[in-house]
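# Understanding the architecture of this molecule
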Amino acid sequence: MFRMIAIVAGLGLALAAPAEAQTPRKGGTIRMTAPYGSSFTSLDIHTTQRAQDEIYAKALHRSLYIWDSAEGKPVPELAKEAVVSGGGLVYTFKLRDDAYFHNGRKMTADDVIWSYNRIMDGSKAYPGARYVRIIEGAAAVEKGQAKEISGLKKIDDFTVEMKLTEKVDPAFYLFTALTSIYPADEAVKDSFIQHPIGLGPFKFVEHVPGSRIVMERWDRFYKPGKPYADKVIVSVMGEAAARDVAFRNKEIDTSVLGPAQYVAYQADPNLKGTIAEVAEVFTRYMGINPAFKPFADKRVRQAINYAIDTDLIINKLVKGKAYRATSWLPLTSTAYDKAMKPYPYDPAKARQLLAEAGYPSGFEFEWTTSQNESWGLPIVAAVIPMLDKVGIKAKVKQVEAAVLSEVVRSGDYQAFIYSQQTGPDPQAALKCFHSSTPQSACNYMNFKNAEFDKIIDEAGQADDTAKRTQLLQKANALLYDEAPVWFFNYNKAVMAVQPWLHGVQLNATELTHQNVEDLWVDETSPAK
Amino acid sequence: MSDGGRKKVPMLSFLIRRLLQTIPTVLAVVALVFVLFSVVPGSIVSSMSDDADPQVELRLKKQLGLDEPVHVRFGGYIAKLATGDFGTSFRTREPVTTMIAKRAWPTLQLIFTAMAFSVLLGVPLGFIAALRPGGLVDSAAMVVAVSGLSIAKFWLGLVLMYLFALKLGWLPSFGYGDGGLKYLILPAVTLGVSPMALFARTTRAAVLEIMTADFVRTARSKGMSEVRVVKWHVMRNALVIILTTVGLQFGGLMGQAVVVEKLFSWPGIGSLLVDSVLQRDIPAVQGSILVVVLAFLAINLLIDVLYGVIDPRIRYA
């Protein structure tokens, strides 16, 4: 499925095709950009969940698994293999015995266990805790009830046994940089935060806060012949217009494009070929609070889905830089059901449903939003007249992004508009709607449905992948019918890539997160 | 006691008095920031993790001291501040002083270069315009000045990038590089255009006013050459007004630098402040604002001292 999406969506393959025919060139400098703000949060990647920070961390650090964009799933990285036993609850990992930290020390099982224990330190609230929590005893460490994760056992220097709390695939939990393996002896030092040491293909050289991070090739990286480039520079460039000038001026090799630039680049014959795009695993939606009386009725929630001309907004306002959402699971999810059709635009049907629900003259609600250009205030402003047409009045409450996440988690809203990660693991994405998932975790709409719970529980127990996928599709269809949200879109991530940069992966989890060891620049790069 | 000795005593007492006066200003700013961040919604805890366990959140709040009443936190912060400790960033877990130290030099580079550009261009422009009021030069200079004041920095920065980086290829469009002049020119000019325009207007107005003053007329009637009149009477008197504008503009530049730093990926305090505000990193916000306030006060103190140097009639009273 992922391959199909990549072929359809990836105009970037125009770049990749000739690249495959060439032999990767050694040397040169890769100049990436970090577009999501005016700085990196921290050089301690365990402390930050911002996509911005993982851009550099992918070069510097490594985790037990890594995302394989071609396969559309996480694959073993620091783990060479995993033997599953105990009814799918015990994983015995054989670790690489050729992975060296940037200080020259070989990684062992102790580093893996130490890193996961660190992430579960509840006094620090490391964001990776949400992933490591699948290990038995991890939650006890987080709550301060235990000092070490009981479900982790060192068998020998290169073997770790991991006992899980439930039957899930740990690959989906332990592949991001948030669960990077640190060198236990170095990471405890104060100097680590200034000069991080990892297992990645590039080692840290310099950080100019608010401007760039520079890394150079780590010669003892465990993948033979990789990385190709000598150096990687990740420049912080939060302003899209500035990135545009720098890209056209050949000062940077990659640039994330917003809706306006997407249109401009498509229209420019010199730039059209530089576009790489992928459907990311993020769903944009309007969350509806069932505690607010009108929204308790399914018909009202469905009416909202019928009342909004979603395609028009995607085409005109988002400039086609999004894929229409049918239900919760995104296009690149392994459980996405391509036979599903989105709610059609049908204001008459919306009015009929409202009348049936006892709201023939509509009602008024408060809609909390941030200023985000892709899924915030501009979208809300476009939707309001559409809702008004069927009698629903929306009052806007504008808040900062940091406040919005707090509002969403606390349930202090009538409706909100948001972008939520809905993959890559479809089971984890749908489990957000399970009644056992707290609102503060990811069940933001406080969804409770016994039938849904049953399907998800059954999927969790299924050993057969096809059966599990079928159950997840059923759960996804139930969500469509229940309409706990207005299903808006799935993000289409678009990045411009210079013709001399090769090996760019269409990463559906986040396009800017590249396995840098696979990138290389040819001799036409200005940064030889 | 010599004359010099008599001068030193009031100067010293003036400096001490002015330094003491900064204390309530600083305290007021610190208190204001503290109160503001206590009432605005949003907290660092929620921005750190999307689904932290509520128990973990409580522990984290306790660890960061966010569970204490505002007045207790404020007291603790002031006590630390008195020892030069700006606290530890919630976000990066680095000492705030370290974070600011890394950003201070690029900010100073940017602001002083922008100021130098604006003074060196704006003041002569204002002078030339005033010497021939209503003439072609005056009209052209004032068009430049009004335009400079009206242009949005963001737009100007982009135009300069487009022209000097993309079209002419003379300068890099972004970044800090090695901190050299090549990287500094575009951000500094972008930041400096607006104060340059203000200096041109202020200088023109000051010179025009001074030119009609009695002492200038007297100097001319005594047969002093026009060059000497301008050099010894007009310029010297106009300098006091220009200096006042310089002092005020420093504060403005520090605020406006935020936009320029972000646009050019310049690693200054402005972008640190914005990121810290957005992520509710209160110690970093307080530290950054405090440094900006202290710099502003220091510059203005220096300018007050310079008044006396330029015009001995001004007493340090």
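Cut-offs and rules
Per chain, residues are indexed from 1 in the order of the written sequence. Lettering for chains starts from A, numbering for ligands starts from 1, and both go in the order in which the items are written. Selection of residues for local features in this predicted model requires a pLDDT of at least 70, selection of side-chain atom pairs for listing and counting requires 80 or more, and totals for whole chains, interfaces and linings are taken over all residues. As a rule here, side-chain values cover all heavy atoms of the structure and leave hydrogens and water aside. Here's how the labels work: a residue is buried when its accessible area is under 20% of the maximum for its type, exposed when over 50%, partly exposed in between, all with a 1.4 Å probe on protein chains only. Each helix is a run of DSSP H or I of at least 4 residues and each strand a run of E of at least 2, with the numbering of both proceeding from the N terminus. Whether two strands pair depends on DSSP finding at least two bridges between them. Values of pLDDT, ranging from 0 to 100, describe the predictor's confidence in every residue of the model. Grid spacing is 1 Å over the protein atoms alone, the probe is 1.4 Å, and a cavity is where that probe fits but cannot get out, while a pocket is an open set with protein on both sides within 12 Å along at least five of seven lines and lining residues have an atom within 4 Å of a point. Grid points are joined across faces, edges and corners, and a volume is the space filled by probe spheres set on the points. For helices, the fitted axis covers only the stretch in contact; all axes are lines through C-alpha atoms, and the angles between them, taken along N-to-C directions, range from 0 to 180 degrees. Whether two residues are in contact is decided by their heavy atoms: any pair within 4.5 Å suffices. Within this scheme, the nonpolar core is defined by two criteria: the residues are buried Ala, Val, Leu, Ile, Met, Phe, Trp, Tyr or Cys, and they are joined through side-chain atoms within 4.5 Å.

## Section: the pairing of strand β9 (residues 212-217) of chain A
Residue and element names in this part refer to chain A. Taking burial as the measure, the 6 residues of β9 include 5 buried ones, the bulk of the element. Counting the residues between successive antiparallel strands, the hairpin from strand β8 (residues 202-208) to β9 contains 3 residues, one of them, G210, with a positive phi of roughly 80°. Note that β9 and strand β10 (residues 231-236) share 5 bridges and pair antiparallel. Each bridged residue has a counterpart across the sheet, and for E216 the counterpart in β10 is K231.

## Some details on the confidence of the model for chain B
Residue and element names in this part refer to chain B. On average, residues of chain B score 86 in pLDDT, and 94% of them reach the 70 mark or higher. Per-element mean pLDDT across chain B ranges from 73 in helix α2 (residues 44-48) up to 96 in helix α7 (residues 153-167). Listed scores for the predicted complex are pTM 0.89 and ipTM 0.85.

## Brief notes about empty space enclosed by the protein
The method is simple in principle: a probe with the dimensions of a water molecule rolls over the atoms, and the space it marks as empty is what remains. A complete count under the given rule lists 8 cavities of 30 Å³ or more for this structure. Quantified by volume, the largest cavity comes out at close to 190 Å³. In terms of lining residues, the largest cavity is bounded by 17 residues, among which A:T41, A:H207, A:P209, B:T92 and B:E94 are the most central. No other element matches the 3 residues that helix α5 (residues 96-131) of chain B contributes to the lining of the largest cavity.

## Here we look at the sheet that holds strand β6 (residues 152-156) of chain A
Residue and element names in this part refer to chain A. Reading across from one edge, β4-β5-β7-β6 is the order of the 4 strands in this open sheet, with antiparallel pairing throughout. The open sheet terminates on both sides in strands that have one partner only, identified here as β4 (79-85) and β6. Going from strand to strand, the sheet's axes swing by 20° on average, the running direction of each strand aside. Against the sheet, helix α4 (residues 109-119) engages β5 (90-95), β6 and β7 (159-163), with an angle of about 175° to β6.

## Re the nonpolar core
Residues and elements named next belong to chain A. If you look at the biggest cluster of nonpolar residues, it comprises 81 residues, and the most contacted ones within it are Y56, L64, Y116 and M162. Sequence-distant contacts of Y56, that is, excluding residues within four places in its chain, are made with F40, S42, L43, D44, I45, I213, M215 and V234. Core analysis: the next-biggest nonpolar cluster, separate from the first, contains 75 residues, A335, V403, I417 and A429 among them.

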